[in-house]
Amino acid sequence: MLGWTTRSNQEEHKPGDKLQRRLAQNREAARKSRLRKKAYVQQLESSRLKLAQLEQELEKARHQGAYLGNASNSSRVGFSGTVNPEIAAFEMEYGHWVEEQHKQISELRKALQAHITDIELRILVENGLNHYNNLFRMKADAAKADVFYLISGKWRTSVERFFQWIGGFRPSELLNVLMSQLEPLTDQQHTNVCNLRQSSQQAEDALTQGIDKLQQTLSQSIAADVMGVGGYGQIDAMENLEALEGFVNQADHLRQQTLQHLSQILTMRQAARGLLALGEYFHRLRALSSLWAARPREPT
Amino acid sequence: MQYHQAEPWGYYVPMRTSMVSDPLEKVARLASESAVVVFSISSCCMCHAVKRLFCGMGVNPTVYELDHDPRGKEIEKALMRLLGNSTSVPVVFIGGKLIGAMERVMASHISGTLVPLLKEAGALWL
């Protein structure tokens, strides 16, 4: 303002033009700023609505067991094939599984805040573990029906898929997520959890290397005499593909064993907290996927 | 009843020579000869995984590739009967004792019982 006054003193002879121009420029800049702000707020509002809509669609699609998936949060390029009724059933069951998971998490949270007995806590913990066992049972059936569907992670949200290892969560990563949440641990517990993490890491590495070998073997068998006219050993290739189901089953078995053994290392209360932390963690991955799908995008 | 020695078709005496011995006996013998024994097939990827598991732990297993054994098919069938599995391999023995297929080996590792077994058999130190 000081400079302004100085300038207007200096240019006393023609105050009108320059002053008027500057005032106009100022008004224009302010108007543009207001318009930009209004547009941004409107964009936020419509994103919020869109997010709510998408969440509703998601829930509806799960209830209807839409095998063809949710176009809003997945990019399925090149999906082909007929609808497999067992897979459609799995999708529906899985939707229910997630809903039940939400309920159990809420119950656990309330129970841990209230003063419930160890016996009541035990029931919640056993329910929680059984719930995961149900998931593994469902996945085993789905693997028999279509192992590629399972391993593609189409049935999961995008962020979960990003973290996926052989058709599901990575046990050692889970232990990393939980370890900080379970403090305080006794020295013995800490040692046991570290050993468990190392064992699962080693088992994961072994299965990963097995699957890599499977890929290599399959690729070699498909590439045999690729420029010739004789074709290749399709029967061998099919046998290779069958082996994939074994790996998915072993991976799920590893997940199940890790959860089981962890629950044995922990006290009842710690196990309850662990289940809560796990459930909440997966819920956040799913929610983040929805948020990502609903994010405002620049028109190209 | 009488049986002529010259015409032994009336009864059968099982011959305990290496030619017709029970394949499971061969399995048991091989299993007892090393600390860690893996029955495998060279093209089997799950067998590759179990071998990598042991190597990753610093264990050096003795591996028998059944597709390179003239009696491999027999042994495979015997292992399938022994474990009641639909796949014959991999099958793991530690200290001469049957541990099982991949699932049992991993379950044992997760529960913390595998390492003590390996130490007991002298396959792992420290």
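Residues numbered from 1 in each chain as written. Chains lettered and ligands numbered in written order. Predicted model: local features only at pLDDT ≥ 70, side-chain atom pairs only at ≥ 80, totals over all residues. Heavy atoms only, no water.

### Thoughts on the side chain of Ser34(B)
Residues and elements named next belong to chain B.
Stage number 1. Here Ser 34 lies in the loop between helix H1 (23-33) and strand S1 (36-40).
Stage number 2. The class of Ser 34 is buried, set by a relative accessible area of 19%.
Stage number 3. Engagement of the side chain of Ser 34 in a polar contact is seen with the side chain of Thr 62, the distance being 3.1 Å. (Helix = DSSP H or I, 4+ residues; strand = E, 2+ residues; numbered from the N terminus. Buried < 20%, exposed > 50% of the residue type's maximum accessible area, 1.4 Å probe, protein only. Polar contact = N/O pair within 3.5 Å; in protein donor to acceptor, adjacent residues only side chain to side chain.)

### Focus: the interface of chain A and chain B
Stage number 1. Contact residues are listed per partner, giving 20 residues for chain A and 16 residues for chain B.
Stage number 2. Put simply, chain A and chain B have 0 salt bridges between them.
Stage number 3. At the boundary of chain A with chain B, the tally comes to 3 residue pairs in polar contact (both at pLDDT 80 or more).
Stage number 4. Among the elements of the structure, helix H7 (187-223) and helix H8 (234-265) of chain A are those that each provide at least two residues to the side of chain A that touches chain B.
Stage number 5. Tallying contributions element by element places H7(A) first for the side of chain A that touches chain B, with 12 residues.
Stage number 6. Tallied by class, the residues present in the side of chain A that touches chain B amount to 7 nonpolar, 12 polar and 1 charged. (Contact = heavy atoms within 4.5 Å. Salt bridge = Lys/Arg side-chain N within 4 Å of Asp/Glu carboxyl O. Nonpolar A, V, L, I, M, F, W, Y, C, P; charged D, E, K, R; others polar.)

### Considerations on the environment of Asn127(A)
Stage number 1. When you line up the elements, Asn127(A) lands in helix H4 (residues 118-152).
Stage number 2. Taking the C-alpha atoms as reference points, Asn127(A) and Gln220(A), 93 residues apart in sequence, are found 46 Å from one another.

### Things to note about the UniProt feature "domain: DOG1" (unreviewed entry) in chain A
Stage number 1. What UniProt calls "domain: DOG1" (unreviewed entry) maps, in this numbering, to residues 87-295 of chain A.
Stage number 2. As annotated, residues 87-295 of chain A has a helix share of 83% and a strand share of 0%, and its two end C-alpha atoms lie 30 Å apart. (UniProt positions renumbered as here; feature names shortened; annotations may be inferred.)

### Brief notes about the packing of helix H3 (residues 85-113) of chain A against helix H9 (residues 268-293) of chain A
All names here are of chain A.
Stage number 1. Their axes nearest at 9 Å, the elements H3 and H9 cross at an angle of 135 degrees. Considering their axes alone, H3 and H9 lie oblique with respect to each other. Handedness of the crossing formed by H3 with H9: left-handed. Contacts between H3 and H9 involve Tyr 94, Val 98, Gln 101, His 102, Ile 105, Leu 108, Arg 109 and Leu 112 from the former and Arg 269, Ala 272, Arg 273, Leu 275, Leu 276, Gly 279, Glu 280, His 283 and Arg 286 from the latter. (Axes fitted to C-alpha atoms, helices over the stretch in contact; angles between N-to-C directions. Parallel < 35°, antiparallel > 145°, perpendicular 65-115°, else oblique. Left-handed = near helix turned anticlockwise from the far one by under 90°.)

### A word on the packing of H7(A) against H8(A)
Stage number 1. Close contact between H7(A) and H8(A) brings their axes to 10 Å; oriented N to C, the two are set at 175 degrees. With respect to H8(A), the element H7(A) is oriented roughly antiparallel.

### Here we look at the side chain of Ser108(B)
All names here are of chain B.
Stage number 1. Among the secondary structure elements, Ser 108 is positioned in helix H4 (residues 102-110).
Stage number 2. Judged by relative accessible area, Ser 108 falls into the buried class, the value being 4%.
Stage number 3. Beyond its immediate sequence surroundings of up to four residues, Ser 108 is in contact with Thr 113, Leu 114 and Leu 117.

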